[in-house]
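# Secondary and tertiary structure notes
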Amino acid sequence: MGIEFRHVEKTYPDGAQAVRDISFTVPSHTTTVLLGSSGCGKTTLLRMVNRMVDPTGGQLLIDGEDIAGAEPVRLRRSIGYVMQHSGLLPHRRVIDNVATGLRLNGAARGPARSQAEELLELVGLDPALGRRYPDQLSGGQQQRVGVARGLAGDPNILLMDEPFGAVDPLVRLELQQQMKRLQTELRKTVLLVTHDIEEALSLGDQIILLRPGGEIAQAGTAQELLSAPADDFVARFLGVAQGRRRLRTSAGQDGEWVVTDAEGRPLGVVEAPPGPVHPRADPSGSVPPEDGR
Amino acid sequence: MDWILANTGRIAELTLDHAALSLPAVLAAFLLSVPLAVLANRLRPLREPIVSGTGLLYAVPSLPLFIVLPIILGTGIRDPLNAVAALTLFGMALMVRSAAEALDAVSAEVRLAAAAQGYSSWGRFWTVDLPLAGPAMLAGLRVVSVSTISLATVSAVLGVPSLGSLFTDGFQRGIMESVLAGVVMTVVMALILDLLLVLSGRLLMPWARRRA
Amino acid sequence: MNHLLEAWELLIQADTWTGPTGMGARAWEHLLYTVLAVGVSALIALPAGLAVGHFGRGRNLAVLSTGAVRALPTLGVLTLVGLVVGVGLMAPMVALIILAVPSILAGTYSGAESVDPRVVDAARAQGMSRWQILFAVQIPLGLPLIIGGIRLAVLQVVGTAMLAAYVGAGGLGAPLFLGLRTYDYPLLLAASLVVIALAVLLDIAFGTVQRTARRLMRGPA
């Protein structure tokens, strides 16, 4: 179940091949991240799910049903979509922007607005902001509104295209954390596109790493990708090869464990020592990155 | 056709009259507008009065302007100089705005980079601002030249000889060929001047070939 | 300057304005011509411009025809059609519509195109149909430019509608041509001043509408 890509291809009329022979599944109620640098076809894959782009080969199934037969407009109304630049309608108040999807699905104005207010609260915004126009909000606030809009109508699937890519790092971190909290509560089937490795490691239950030319380099959990990169490209992309993500612990001055990277630059200290580790006895003793931060 | 063959001399004469009205007007409009636009671009407080003021000229209908102007200039209504002045004002109504916008559109980054390289304010203007605003200014000038040539025909109803005289004569005497000849000659003259402008643009601004 | 004073004296006399051929009736005719010509042009140009702006096709054709029509002398079209259909309102209407269509067309397609493509993309992603995108996103957000096109067309038509009287129709051109034929400079000037005033008033009115639209579509800053 969930979203299934079966041998999906996309070749544009000018002959440019955006993605080739892509197969993977986004299991229900989990988050899958499409990771890759620009031009690897990740957004193309994302936009196939709500038929903003149609594949030129292969099949795409949602809950076992081929979406090629689905009416695009109706399909889009049943799927949440969050994009990098919030894409909010500048001439409508924030509350009406969030309510747009609900209104498209036939909700009356009153109920749609009160639902939209709840959604604003859900994404951590003061519902009073709903009376403003998008331009009157900060970038981070606009992005939150974008998420609220994506969640309107309680869709099972949420597509997110670089949702936090246009905000500053601090706000991005905040939004990612909020997203994690939301996801434990809402358990949507999320497909998220990003070029930010940290974001992928932090949000993805499953990571699909794409290589330029639109092929899957490796698919798996963050742990699998980090501990067993399939090839040189994966290792270099994730920074394992350069040692950025190969961490070590060593004994600090006061006896606590200091985490360092491969070159010995200290990154932090371990709060709860992971058992009786003997750095000298286990020189390669790597720590899972989650603990290392 | 016979009429046209019988009247080639008159058509040629009127074409020259027409050119004598519209070409000086286009040239004057351009030469007067660019300094105004530069002023608007450099002295911010002057921008609104200059651009809106000349823009307001555009709201003044052409025929009445042909009539009101001689009162101000002291020329006669049927004096070609009057027609040239009116057409110049019209051209400026379009050209000042388009030149000012062209200068505004020169990217701030490029200006900053030029300033950082040590260009003086005016040095930067001649070597950076003006050339970069050139293609957009040329686009404005093309609109002005086509409109002016077309508009110059109106002066014929006031008795100033131009290609428009072929319309008024033709209409009054019921000669369709005369009107047709006038329309064709006006369009041809507009196209030729437009072509000349495009070609000179390519010569002067070879880097803008794709955009212009 | 004497003519100007005499024209002014003419304009402040009540007689000048009353009667079936008075300045009042002529100004009203003039306004009607303008509304009619711009109205018909809008019926043609608005749908065409929206189609070009929405589908992004036919743009080159629209640009090219706009430029080509600009080169077409209105007086030529007027007299040409006048010779074919005879004196009356038909010839000026055709000429004025040909004059007005390109301005409205250009304003409309640039208005529809001016909308941030990311906003259109987001609207599509949310499941808006083509019509909903057009009416809820592209038209409202493009409105300032669309109104700008109509404003330009109104200005051009108000001025050029003077020529209607040249082929036997009414409007403010009638007193103007009368004054021209009889060397009645004050009358000539008076008619010109009324047209100029009408044009400037319409321009101010449309300018206000355009600014209001711009403010509404961006939200209060």
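Fair warning: this is a prediction, and the values are worked out from it, not measured in the lab.

About the criteria used
- Residues numbered from 1 in each chain as written.
- Chains lettered and ligands numbered in written order.
- Predicted model: local features only at pLDDT ≥ 70, side-chain atom pairs only at ≥ 80, totals over all residues.
- Heavy atoms only, no water.
- Helix = DSSP H or I, 4+ residues; strand = E, 2+ residues; numbered from the N terminus.
- Expected span 1.5 Å × (residues − 1).
- Bend = angle between axes of the 7 residues up to and from the residue.
- Polar contact = N/O pair within 3.5 Å; in protein donor to acceptor, adjacent residues only side chain to side chain.
- Contact = heavy atoms within 4.5 Å.
- Buried area = accessible area lost by both parts, 1.4 Å probe.
- Salt bridge = Lys/Arg side-chain N within 4 Å of Asp/Glu carboxyl O.
- Nonpolar A, V, L, I, M, F, W, Y, C, P; charged D, E, K, R; others polar.
- Phe/Tyr/Trp six-rings, centres within 6.5 Å; stacked < 30°, edge-to-face > 60°.
- Buried < 20%, exposed > 50% of the residue type's maximum accessible area, 1.4 Å probe, protein only.
- Core = buried A, V, L, I, M, F, W, Y, C linked by side-chain atoms within 4.5 Å.
- Axes fitted to C-alpha atoms, helices over the stretch in contact; angles between N-to-C directions.
- Parallel < 35°, antiparallel > 145°, perpendicular 65-115°, else oblique.
- Left-handed = near helix turned anticlockwise from the far one by under 90°.
- UniProt positions renumbered as here; feature names shortened; annotations may be inferred.
- Pairing = 2+ DSSP bridges.
- Domains from an automatic or database assignment.

Moving on: helix H5 (residues 80-104) of chain B. All names here are of chain B. The first and last C-alpha atoms of H5 sit 36 Å apart over 25 residues, in line with the 36 Å expected at 1.5 Å per residue. Within H5, the axis deviates most sharply at Met92, by approximately 30°. Its side-chain oxygen at 2.9 Å from the backbone nitrogen of Leu81, Asp79 defines the N-terminal cap of H5.

When the 2 pairs of chains in contact are ranked by number of contacts, first place goes to chains B and C. At no point do chain A and chain B touch; the closest pair of C-alpha atoms across them sits 21 Å apart.

Interfaces are often sized by the accessible area lost when the parts come together. If you look at the interface, chain C gives 38 residues, while chain B gives 35 residues. Here chain C and chain B share an interface that buries about 3,100 Å² over both sides, 82% of which is from carbon and sulfur atoms. The interface formed by chain C and chain B includes 0 salt bridges. Among the elements of the structure, helix H1 (2-11), helix H4 (59-71), helix H5 (74-85), helix H8 (130-160), helix H9 (173-181) and helix H10 (185-218) of chain C are those that each provide at least two residues to the side of chain C that touches chain B. Element by element, the count of residues in the side of chain C that touches chain B is highest for H10(C), at 9 residues. In the side of chain C that touches chain B, the residues fall into 27 nonpolar, 9 polar and 2 charged.

This brings us to the packing of aromatic side chains. What the rule picks out here adds up to 6 aromatic pairs over all chains. Judged by centre distance (5.2 Å) and plane angle (80°), the rings of B:Phe125 and B:Trp126 are edge-to-face. Residue class for B:Trp126 comes out exposed when judged on its relative accessible area of 57%. Judged by centre distance (5.5 Å) and plane angle (55°), the ring pair of C:Tyr166 and C:Phe177 falls under tilted. Of the two residues, C:Tyr166 sits in the loop between H8 and H9 while C:Phe177 sits in helix H9, which places them 11 residues apart along the sequence. According to the relative accessible area criterion, C:Tyr166 is buried, its value standing at 13%. Through successive ring pairs, a cluster of aromatic residues spans B:Phe171, C:Tyr166 and C:Phe177.

Listed by partner, the interface residues are 23 residues for chain A and 21 residues for chain C. Approximately 1,900 Å² of surface area, both sides summed, lies buried where chain A meets chain C, with 58% of it carried by carbon and sulfur atoms. When the area that chain A buries against chain C is broken down by residue, the three leading residues are A:Met52, A:Arg76 and A:His91, summing to 25%. Close ionic contact of A:Arg47 with C:Asp121 constitutes a salt bridge, the shortest N to O distance being 2.6 Å.

Ranked by internal contacts, the top residues of the largest apolar core, which has 83 residues, are B:Leu63, B:Val157, B:Leu158, C:Leu172, C:Leu176 and C:Phe177. Once residues lying within four places of it in the same chain are set aside, the contact partners of B:Leu158 are B:Leu63, B:Phe66, B:Ile67, B:Ile77, B:Arg78 and C:Leu180. Residues A:Leu125, A:Val145, A:Ala200 and A:Val240 belong to the second largest nonpolar core, which totals 47 residues.

This brings us to the side chain of C:Gln210. Residue and element names in this part refer to chain C. Here Gln210 is to be found in helix H10. On the basis of relative accessibility, which here comes to 10%, the residue Gln210 falls in the buried class. Not counting residues within four places of it along the chain, the set of residues in contact with Gln210 comprises Pro144, Ile147, Gly148 and Arg151.

Attention shifts here to the packing of helix H8 (residues 164-173) of chain B against H5(C). Where H8(B) meets H5(C), the closest approach of the two axes is 9 Å, and the angle between their N-to-C directions is 20°. Between H8(B) and H5(C), the angle is such that the two are roughly parallel. The element H8(B) and its partner H5(C) pack so that their crossing is left-handed. Residues B:Gly164, B:Phe167, B:Thr168, B:Gly170 and B:Phe171 of H8(B) form the contact with H5(C), whose own contacting residues are C:Leu75, C:Gly76, C:Thr79, C:Gly82 and C:Leu83. Of the residues that constitute the contact of H8(B) with H5(C), the class distribution is 4 nonpolar, 6 polar and no charged.

All names here are of chain C. According to UniProt, the feature "transmembrane region" (unreviewed entry) maps to residues 31-55, 75-101, 133-154, 161-180 and 186-209 in the numbering used here. This span, residues 31-55, is 100% helix and 0% strand, and a straight line between its end C-alpha atoms measures 35 Å. Taken end to end, residues 161-180 comprises 40% helix and 0% strand; its first and last C-alpha atoms sit 16 Å apart.

Take the sheet that holds strand S12 (residues 257-260) of chain A next. All names here are of chain A. Read across the open sheet, the 3 strands follow the order S11-S12-S13; overall the sheet is antiparallel. The open sheet has two free edges, formed respectively by strand S11 (248-251) and strand S13 (266-270), since each of these has just one partner strand. The mean angle between the axes of side-by-side strands here comes to 35°, regardless of whether they run parallel or antiparallel. Relative to S12, S11 is paired through 4 bridges, and the arrangement is antiparallel.

Segmentation of chain A into domains returns domain 1 (3-238) and domain 2 (248-292). Averaged C-alpha coordinates put domain 1 of chain A and domain 2 of chain A at centres separated by 36 Å.

To continue, consider the sheet that holds strand S4 (residues 57-62) of chain A. Residue and element names in this part refer to chain A. Strand order in the open sheet made by the 4 strands is S2-S1-S4-S5, with antiparallel pairing throughout. In this open sheet, the two edge strands, each paired with only one partner strand, are strand S2 (17-26) and strand S5 (65-66). Summarising the sheet, strand S1 (residues 3-11) and S2 pair through 6 bridges and their orientation is antiparallel. Counterpart to Ile3 in the pairing with S2 is Val26. Where helix H1 (residues 42-49) meets the sheet, its contacts fall on S1, S2 and S4, and the angle it forms with S1 comes to roughly 120°.

Residue and element names in this part refer to chain C. Here helix H3 (residues 23-55) contains 33 residues, and its C-alpha end-to-end distance of 47 Å stays within 8% of the 48 Å for a straight helix at 1.5 Å per residue. The principal kink in H3, of about 30°, is found at Ala42. Downstream of H3 by a residue or two, Gly56 has a phi angle that is positive, lying close to 70°.

This structure, assessed with the given rule, holds 20 salt bridges over all chains. Among the salt bridges present, the one from A:Asp54 reaches A:Arg51, with a minimum N-O distance of 2.9 Å. Look at A:Arg51 and you get buried, because its relative accessible area is 15%. The residue A:Arg236 makes a salt bridge to A:Asp232 at a minimum N-O spacing of 3.5 Å. Taken together, the residues span about one helical turn, with A:Arg236 and A:Asp232 both in helix H9 (residues 232-238) at a distance of 4 residues. Residue classification places A:Arg236 among the partly exposed positions, given a relative accessible area of 46%. On the basis of relative accessibility, which here comes to 52%, the residue A:Asp232 falls in the exposed class. Connected through salt bridges with shared partners, the residues B:Arg44, B:Arg47 and B:Asp104 form a single ionic network.

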